[in-house]
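# Fold and geometry: a report
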Amino acid sequence: MDIFVPGITEPSQASDSDLWFVFNADRLLVIGEGESARVPSRGELEELGVAAGRCRHYLGRLGERDCFTAAFEASPELPERAEWQGLRRLFGRIDETVLAIAGRAVQIIEWDDTHRYCGRCGSATGLKQGERARVCPDCGLAGYPCLSPAVMGLVRRGRELLLARSPHFPEGMYSALAGFVEPGETLEQTLQREVREEVGVEITNLRYFDSQPWPFPHSLMIAFVADYVSGEIVPQPGEIEAADWFGIDRLPRLPHPFSIARRLIDETVASIAKSIA
């Protein structure tokens, strides 16, 4: 498997094999190959008649291939094999490493587009050499790509898991609880607050599971497993459509396997099953 090495400084020479992550709004240009899809190379991009527009940035190197991103403001007529697709719709269709790079790319595009002017004095900003930053030439304010950390918690009660569904979830899908970190909070305090607010339950014994960049639009998801202490489930109006305790042998529809939520649930279920075997 090729390893991705992030970078900022563009190489001196271009190659037709360079990978280009071109976005129209939040949709990525891909070449469909049956059920799968891939990102076009520089040479293929020219064949498609798509010119990389504004917000051009170097991303790094995947194996022996350099990676770039850019925004395309229009939506050109594409050949039948090419398509614009949202990143969520590419789950399972595109290589996971490439999809992760695409998530990085769309966040850089969004940052560049929203930091073209200084948030303090309104002057036009410029790119800072050697760093991923836009700097105001007048007041010196630097703007870096922003991340919004969020915590996710899977609450256990014996052989049961507390799962909930948001109003915007696909029909019948449940997941672990999650929420954004507020200023002054630790990750653990955030999770305890979110679980209390969203379902009225108290938790303890938080154990770190894993983290995953989540470009919808610019989150870093940090996942934990926690144990139930007390409280009856009371869904928070407007935030939680439904919530319940599910035994590991009667789980509802779950998130896509690419997501950290699914890995969190699957590995916790496997751990419980092993403990009672």
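This text follows the structure it describes.
In this report, the structure presented in the accompanying data block is examined. (Residues numbered from 1 in each chain as written. Predicted model: local features only at pLDDT ≥ 70, side-chain atom pairs only at ≥ 80, totals over all residues. Heavy atoms only, no water.)

A separate point is the state of the cysteines. All chains considered together, the criterion is met by zero disulfides. Cysteine cysteine 136 remains unbridged, with the sulfur of cysteine 121 as its closest cysteine sulfur at 3.5 Å. Judged by its relative accessible area of 2%, cysteine 136 falls in the buried class. Left unpaired, cysteine 146 is separated from the closest cysteine sulfur, that of cysteine 118, by 13 Å. The exposure class assigned to cysteine 146 is partly exposed, which follows from its relative accessible area of 45%. (Disulfide = S-S within 2.5 Å. Buried < 20%, exposed > 50% of the residue type's maximum accessible area, 1.4 Å probe, protein only.)

The subject of this paragraph is the environment of alanine 261. Relative to the elements of secondary structure, alanine 261 occurs in helix H4 (residues 260-276). For alanine 261, a relative accessible area of 5% corresponds to the buried category. The spacing of alanine 261 and aspartate 138 is 123 residues in sequence and 44 Å in space, taken between C-alpha atoms. Among all residues touching alanine 261, those that are not within four sequence positions of it are Met152, Ser175 and Pro255. (Helix = DSSP H or I, 4+ residues; strand = E, 2+ residues; numbered from the N terminus. Contact = heavy atoms within 4.5 Å.)

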